[in-house]
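Summary of structural features
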Amino acid sequence: MKLVVEVVDAHDLMPKDGEGSASSYVEVDFENQLSRTKTIPKNLKPIWNQKLIFDFDETKNHQAIEISVYNERKPIPGRNFLGRVRFPCSNIVKKGEEAYQRFQLERKWFFSPVKGEIGLKIYLSPESSSSPPPPLNTPPISENTNLHSKTLAAVPRAEVPVIETPNVAVISNSSSTIAAVKPTGAELAKETQEIKEPEEERAGRGQHIYKHQSLQQPGVPFTMRQGNPQAHSSLQEDYDLKDTNPQLGERWPNSAGFGGRGWLSSERFTSTYDLVEQSFYLYVRVVKAKDLPPSSITGSCDPYVEVKLGNYKGRTKHFEKKMNPEWHQVFSFSKERIQSSVLEVFVKDKEMVGRDDYLGRVVFDLNEIPTRVPPDSALAPQWYKLEDRRGQGKVKGEIMVAVWMGTQADEAFPESWNSDAAAVYGEGVFNIRSKVYVSPKLWYLRVNVIEAQDVLPNDRNRLPEVFVKAQVGNQVLKTKVCPTRTTNPLWNEDLVFVAAEPFEEQLFVTVEDRLHATKDEVLGKITLPLDMFERRLDHRPVHTRWFNLEKYGFGVLEADRRKELKFSSRIHLRVCLEGGYHVLDESTMYISDQRPTAKQLWKQPIGILEVGILSAQGLLPMKMKDGRGSTDAYCVAKYGQKWVRTRTILDAFNPKWNEQYTWEVYDPCTVITLGVFDNCHLGGGEKTTAGTAARDSRIGKVRIRLSTLEAHRVYTHSYPLLVLQPHGVKKMGELQLAIRFTTLSLASMVYIYGHPLLPKMHYLHPFTVNQVDNLRYQAMNIVAVRLGRAEPPLRKEVIEYMLDVDSHMWSMRRSKANFFRVMSLLSGLFSMSRWFGDVCDWKNPITSVLVHILFLILIWYPELILPTLFLYMFLIGLWNYRFRARHPPHMDTKVSWAEAVHPDELDEEFDTFPTSRPHDIVRMRYDRLRGVAGRIQTVVGDIATQGERFQSLLSWRDPRATSLFVLFSLCAAVVLYVTPFRVVALLAGLYYLRHPRFRSKLPSVPSNFFKRLSARTDSLL
């Protein structure tokens, strides 16, 4: 693998030759390899267009590439430093994904005079055909030397000083392998001891009955719409976050229970799964068999293996007519459910009719099974002779098996057949496994439609009314109709689409003629692949191109008629893939990733997020199975581009997952979303009553903002799973999590808080609100389609619920919640205003006297105003530190206004769009909306009236009022010019703080004058 650094150009360099210019060249240092470009004499905007090639080892963890710009001094040999750029190796892309990018030159030392930019392309190439250049210690190149060679290879650097840094954390590019500094077992125990003990200990599986579960009356058929909001309102304590104290971390006792032959001499702690409770499993790996006896009837063998442990049986697939089959399949049995002391592995011959033939078996004593602890290597399988049914002798044939005791941290666990899923069959086996998904790489495709030429309508007696329609996949956008009827229309409009790698769709552009309001006629078309367009990383415009339009109607069957065309219409486009934006597929309120699309623009991660999904408790039955309620729950977590899905626990109201996942964090002001769902795709061909495919039911959702978490602390809480239903809010259970946010650098964290939330392109060339909503909806659909094609699929209903696809829909409940949020913010101002009014009315004379003294001090020493203000905020912050939140925020039913909501408002919120309710209900809701809008209209009108009165002070709409105000302004200017500002402020403050006996109950003169000013209300119809 070769690293290619293409040095393109530089701009606005610092002059260094004493004549206002510089003879510059670029030197690149990569892992003790040095290479340089040619020297461009006397140019502050040099253009090199030169490639430098380096050896790149993908197995090593490279740090950064240092690119330095120097001025070559003549006639005395030497050089002057002009600036440098350090490019992290984690941002390097492969060949084909590279893009031109400008970097601001940085100083090497604090006092280095540096300015300018350098343009580069950096990428990895699988091979290179360049020839090595002469070494750097050759004499200087003369002016007559041929400098047309554009490819140089790197030569080793002689000696480079190495600075050793402490290995605090190692983060690989893969999201699956991340190692960081973590607290030891003692520190972890100390942290978890600070969390309060729960009021009640968790009972065993299926034995604990929760308050919200008792609302389901026995004997009543279960329906998802059953509920009692009044009963729920009395259980407010169940909606709160609860502290838990799980036994986190892996503990391996010596010779305890099964696995007595373990090779451990003492208790061992591992850091791979230190945020979940340890669960033991018995693993059986069936590899292959040989020398199996053929059937006496058919003369062949259709073998399969059956693994039996107590009442649990797992079987491999069978092979037809194969004497030496290979299965490579793993079975796992939960230790909690082991009810036998022996493990039996049977080899059988599948028969078409009757019972399967018995070929042999192998029996293992569970007390003699070894224990394997990751990261130890996998246990080597061994050959075992098959025994007869009674175990009295050996039979023909051998089987290769490995048996060991391990935990859920074992590498074989995710793909193994689990005893918890013994009832699942068919395609359902793949739908219950835990998986990690990665969202597709999304791009914004910007199509700038500039103009077209020689657009001729089919009716030559009229000029066309032309517009352009562009389509990418299911996304269709149109330009406006050209305002002038002409054959050379001009638009200059931007159409923005969402595209995902790999690019499967194409850009389809048509030029159409508007015949009348309901009919359009296609005049030309063109189809363009998305791979041909330039990938832009910043706001610099890309090159435009002319494309010839194909006459509409000339298909494959009419190839001969194409030659009849003497000319073709053409269209002028500027198309690029925007790499400087972050493609929003979720609401900005709950955003989990803010990185731009182009990997070259990514910064280094600032922390690591580790989440242990422990269990759920007290889940409600979601469907009927065998005449009783049942729930097959799994959990989905989404942060950044990484989605995780736990395995499905069958028929359990208190499922235990104990799975741990890790994410790289690039911004702390982000949110991780976790949702719990009921799996309705277990291989039984489930159908709803309407005949459509079954949908996974939502159980609840939890959001956690990373900025509310303290660093290096383990949070173990039980989060309520709240769902808003047409009959009110309902608690569906609790989700128990363990979370740790580890920061890698405090300086990087402080640096992040001072930078914009989104990439800079969102501010240099922002989208409109409608564009953002439409593009987000299209991005969500693309993510749902791509993840729905995975195995097992992450279904569309899950994606929509996790990404809050309906957050923009109208809801009276949300409107009320937002209104009271605003009122709670303004309540502080209202309280301050009432307090100041009490001071002015002298209701508390001591307070009023102290305010007068403070006012006089600030008037006499005005330089103390700002220090006093900031000191006051500092003291308030210290005081509020005592009342800080001890746990992350969670779903709040009071803030959401979900407790006192009217049933009809909930029914309106769950209505479809467009509505599906009867006309009388729609008319009632419309009248209610008119009443709310009328009150808003009155408030907006009052605000407009006050603003127009302020404008009329100088507009001469009321000549007498304007004359009075102009004369007052003149007098005020003279008085304020003569009188010192301190005196004016003192007199104004004392007048405003005067005692009530010096006040009048009538409005003041300025207020009376302002209210008499005219507004434009009398001009309204």
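Residues numbered from 1 in each chain as written. Predicted model: local features only at pLDDT ≥ 70, side-chain atom pairs only at ≥ 80, totals over all residues. Heavy atoms only, no water.

What follows is about the overall build of the chain. When helices and strands are tallied, the chain shows 14 helices and 43 strands. For the chain, buried positions account for 42% of its 1021 residues. Contacts in the chain between residues at least 24 apart in sequence constitute 71% of all its contacts with a sequence separation of at least 6. Summed over all atoms, the accessible surface of the chain reaches about 57200 Å², with 56% contributed by carbon and sulfur. (Helix = DSSP H or I, 4+ residues; strand = E, 2+ residues; numbered from the N terminus. Buried < 20%, exposed > 50% of the residue type's maximum accessible area, 1.4 Å probe, protein only. Contact = heavy atoms within 4.5 Å. Areas by Shrake-Rupley, 256 points an atom, 1.4 Å probe, with all protein chains shown as cover.)

This paragraph deals with the packing of aromatic side chains. A full pass over the atoms with the stated rule returns 23 aromatic pairs. Put simply, the rings of Tyr281, Tyr283, Trp404 and Phe413 pair up and form one aromatic cluster. Above the ring of Tyr666, the side-chain terminus of Arg595 is found at 4.1 Å from the ring centroid. (Phe/Tyr/Trp six-rings, centres within 6.5 Å; stacked < 30°, edge-to-face > 60°. Lys NZ or Arg CZ within 6 Å of the ring centre and 35° of its normal.)

Looking now at the sheet that holds strand β42 (residues 714–725). Across a sheet, paired strands are connected by hydrogen bonds in the backbone, their directions being either parallel or antiparallel. Here we have five strands laid out as an open sheet, ordered β14-β42-β43-β34-β39, and antiparallel in their pairing. Of all the strands in the sheet, the pair left with one neighbour each is β14 (242–243) and β39 (656–665). Pairing of strand β34 (residues 607–617) with β39 involves eight bridges; the strand directions are antiparallel. The residue of β39 that forms the bridge with Ser615 is Lys656. (Pairing = 2+ DSSP bridges.)

Turning next to the confidence of the model for the chain. Put simply, the chain has an average pLDDT of 81, and 84% of its residues get 70 or more. Counting interchain partners and residues more than four positions distant, the pLDDT-below-50 stretch residues 214–237 has 30 contacts. (pLDDT = per-residue confidence, 0-100.)

Before going further, it helps to spend a moment on the packing of helix α8 (residues 845–860) against helix α13 (residues 981–992). Interaxial distance between α8 and α13 falls to 10 Å at its minimum, and their mutual angle equals 165°. One element, α8, and the other, α13, form an angle in the roughly antiparallel class. Considering only the axes of α8 and α13, their crossing is right-handed. Contacts between α8 and α13 involve His852, Phe855, Leu856, Ile859 and Trp860 from the first element and Arg982, Ala985, Leu986, Gly989 and Leu990 from the second. Taken together, the residues of the contact of α8 with α13 break down into seven nonpolar, two polar and one charged. (Axes fitted to C-alpha atoms, helices over the stretch in contact; angles between N-to-C directions. Parallel < 35°, antiparallel > 145°, perpendicular 65-115°, else oblique. Left-handed = near helix turned anticlockwise from the far one by under 90°. Nonpolar A, V, L, I, M, F, W, Y, C, P; charged D, E, K, R; others polar.)

Here seven bridges tie strand β26 (residues 466–472) to strand β29 (residues 506–516), and the two strands are oriented antiparallel to one another. Residue pairing for β29: Ala470 is matched across the bridge by Val509. Hairpin connection, β29 to strand β30 (residues 519–529): the antiparallel pair is bridged by two residues.

Among the structural elements, Asp349 can be located in strand β19 (residues 342–349). There is no salt bridge for the buried Asp349, and the closest opposite charge comes from Lys350, which lies 9.2 Å off by N-O distance. A polar contact of 2.8 Å, which involves the side chain of Asp349, links it to the backbone nitrogen of Asp302. Excluding its chain neighbours within four sequence positions, the residues that come into contact with Asp349 are Ser295, Ser300, Cys301, Asp302, Pro303, Tyr304, Asp356, Asp357 and Leu359. (Lys, Arg positive; Asp, Glu negative; His and termini not counted. Salt bridge = Lys/Arg side-chain N within 4 Å of Asp/Glu carboxyl O. Polar contact = N/O pair within 3.5 Å; in protein donor to acceptor, adjacent residues only side chain to side chain.)

The next subject is the pattern of salt bridges. Counted by the stated rule, this structure contains 52 salt bridges. With a closest N to O distance of 2.8 Å, Glu19 and Lys42 form a salt bridge. You can see Glu19 sitting in the loop between β1 (2–11) and β2 (24–30) and its partner Lys42 sitting in the loop between β3 (33–36) and β4 (47–55), a full 23 residues away along the chain. Taking relative accessible area as the criterion, Glu19 reaches 62% and is therefore assigned exposed. Note on Lys42: relative accessible area 47%, which makes it partly exposed.

Before going further, it helps to spend a moment on unusual backbone geometry. Going from Glu501 to Pro502, the amide bond is cis rather than trans, its omega being -5°. Structurally, Pro502 can be placed in the loop between β28 (490–500) and β29. Put simply, Glu791 and Pro792 share a cis peptide bond, and its omega is 0°. Mapped onto the secondary structure, Pro792 falls in the loop between α5 (769–788) and α6 (796–802). With a phi angle near 50°, Glu31 is a residue other than glycine that sits in the positive phi range. Tracing the backbone through its elements, the reader meets Glu31 in the loop between β2 and β3. A positive phi angle is found at Lys42, which is not glycine, with a value near 50°.

The subject of this paragraph is the sheet that holds β26. Ordered in space as β27-β26-β29-β30, the four strands form an open sheet in which the pairing is antiparallel. With one partner strand each, in any of the chains shown, β27 (475–478) and β30 form the two edges of the open sheet. Neighbour to neighbour, the strand axes of the sheet diverge by 20° on average, direction disregarded.

A separate point is the nonpolar core. Nonpolar side chains in soluble globular proteins tend to be buried together. With 69 residues, the main nonpolar core has Trp643 and Leu674 as its most contacted residues. Excluding its chain neighbours within four sequence positions, the residues that come into contact with Leu674 are Val611, Ile613, Cys635, Val636, Ala637, Gly700, Lys701, Val702, Ile704, Leu735, Leu737 and Met802. Within the second largest apolar cluster, 33 residues are counted, among which are Val5, Tyr25, Val85 and Val114. (Core = buried A, V, L, I, M, F, W, Y, C linked by side-chain atoms within 4.5 Å.)

Attention now goes to the environment of Val8. Looking at the element boundaries, Val8 is found in strand β1. Judged by its relative accessible area of 11%, Val8 is buried. When the C-alpha atoms of Val8 and Ile118 are compared, they prove to be 7.8 Å apart, with 110 residues separating the residues in sequence. Dropping the residues within four chain positions of it, Val8 is found in contact with Ile47, Trp48, Asn49, Tyr100 and Gly119.

With that out of the way, let us pick up a nonpolar patch on the surface. Taken together, the side chains of Phe819, Phe820, Val822, Met823, Leu825, Leu826, Leu829 and Phe830 make up a nonpolar region of the molecular surface, amounting to roughly 770 Å² of accessible area. Summarising the element assignment, Phe819 is placed in helix α7 (residues 812–840). (Patch = residues over 30% accessible without salt bridge, like charges linked within 9 Å, V, L, I, M, F, W, Y side chains within 5 Å.)

On to α7, then. With 29 residues, α7 ought to run about 42 Å at 1.5 Å a step, and its terminal C-alpha atoms sit 40 Å apart, in line with that. Along α7, the helix axis deviates most sharply at Leu826, where the bend reaches about 35°. All buried positions along α7 are accounted for by Met812, Arg813, Ala817, Val839 and Cys840. If you follow the buried residues of α7, they end up packed against β42, α8, α10 (903–909), α11 (919–951) and α13. The N-capping residue of α7, defined by a side-chain oxygen 3.3 Å from the backbone nitrogen of Arg813, is Ser811. Positive backbone phi, at 55°, marks Trp842, one or two positions downstream of α7. (Expected span 1.5 Å × (residues − 1). Bend = angle between axes of the 7 residues up to and from the residue.)

Within the secondary structure layout, Glu512 lies in strand β29. Residue class for Glu512 comes out buried when judged on its relative accessible area of 6%. A distance of 3.3 Å separates a polar atom in the side chain of Glu512 from a polar atom in the side chain of Lys469.

On to the packing of α7 against α8. Working note: a packed helix pair is described by the angle between its axes plus the distance between those axes. Two elements in contact, α7 and α8, have axes separated by 8 Å at closest approach and are oriented at 95°. Judged by the angle between their axes, α7 and α8 are roughly perpendicular. Residues Trp835, Asp838 and Val839 of α7 touch α8, and the partners they reach there are Thr847, Ser848 and Val851. For the contact of α7 with α8, the residue count by class is three nonpolar, two polar and one charged.

Now for the environment of Leu744. For Leu744, the position within the fold is in the loop between β43 (728–743) and α3 (746–753). Take Leu744: its relative accessible area is 28%, and that puts it in the partly exposed class.

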